[in-house]
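If you want the building blocks of each chain, they are given just below.
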Amino acid sequence: MAEFVRQTKQYTLEGIVESITTPALVLDAENDQFLKGQPEKLHSALKSKSHLLTLTDAEGAGEHCHMGAMSRLHQVIFDWLDDTLAARRD
């Protein structure tokens, strides 16, 4: 298992992130113990229109992958999709 985790360090968006042109929703969790700081780095590196949103403990969504708050997570994702797709239609 430890070797698997070490191997994941090879997977990055380095050299790729500059090519992303589609709008992106970047989600962060207030208490993410695994990827702290990574959503901000991705948001800053994206050249496309991106939106960074941190889900919090107060709304029950502050843990990694927003565990325990799937309805809140889905609300955020579908609201963003609705707004983004509507803007592209206009």
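Preceding this section is the structure that the text describes.
If you're wondering where the values come from, they're calculated on a predicted model, not measured in any experiment. (Residues numbered from 1 in each chain as written. Predicted model: local features only at pLDDT ≥ 70, side-chain atom pairs only at ≥ 80, totals over all residues. Heavy atoms only, no water.)

**A word on the side chain of S50**
With respect to the helices and strands, S50 occurs in strand 2 (residues 50-55). According to the relative accessible area criterion, S50 is buried, its value standing at 19%. Polar side-chain contacts of S50 include one of 2.8 Å to the side chain of H43. Apart from residues lying up to four places away in sequence, S50 is in contact with A24 and H43. (Helix = DSSP H or I, 4+ residues; strand = E, 2+ residues; numbered from the N terminus. Buried < 20%, exposed > 50% of the residue type's maximum accessible area, 1.4 Å probe, protein only. Polar contact = N/O pair within 3.5 Å; in protein donor to acceptor, adjacent residues only side chain to side chain. Contact = heavy atoms within 4.5 Å.)

**Focus on the pattern of salt bridges**
Applying the stated criterion to the full structure yields two salt bridges. For E3, the salt bridge identified is with R6, shortest N-O distance 3.2 Å. Placement of the pair is E3 and R6 together in helix 1 (residues 2-7), with a separation of three residues, close to one helical turn. With relative accessibility at 41%, the residue E3 sits in the partly exposed group. (Salt bridge = Lys/Arg side-chain N within 4 Å of Asp/Glu carboxyl O.)

**Comments concerning the nonpolar core**
For soluble globular proteins, the rule of thumb is that nonpolar side chains tend to be buried together. Counting residues in each nonpolar core, the largest one holds five residues, listed as L55, A61, A69, L73 and V76. Every residue in contact with V76, bar those within four places of it in the chain, is listed here: L25, L27, L53 and L55. (Core = buried A, V, L, I, M, F, W, Y, C linked by side-chain atoms within 4.5 Å.)

**Description of the layout of surface pockets**
Roughly 560 Å³ of volume is contained in the largest pocket. Together, 22 residues line the largest pocket, and L13, L35, Q38, P39 and L42 are the ones closest to its centre. At the level of secondary structure, the elements contributing two or more residues to the lining of the largest pocket comprise strand 1 (24-29) and helix 2 (38-45). Of the residues contributing to the lining of the largest pocket, the split by class is twelve nonpolar, five polar and five charged. Lining the second largest pocket are P23, A24, K49, S50, H51, W80, D83, T84, A87 and R88. Of all the secondary structure elements, the ones that give two or more residues to the lining of the second largest pocket are strand 2 and helix 3 (70-89). (1 Å grid on protein atoms, 1.4 Å probe; cavity = no way out; pocket = protein on both sides within 12 Å on 5 of 7 lines; lining within 4 Å. Points joined across faces, edges and corners; volume = space filled by probe spheres on them. Nonpolar A, V, L, I, M, F, W, Y, C, P; charged D, E, K, R; others polar.)

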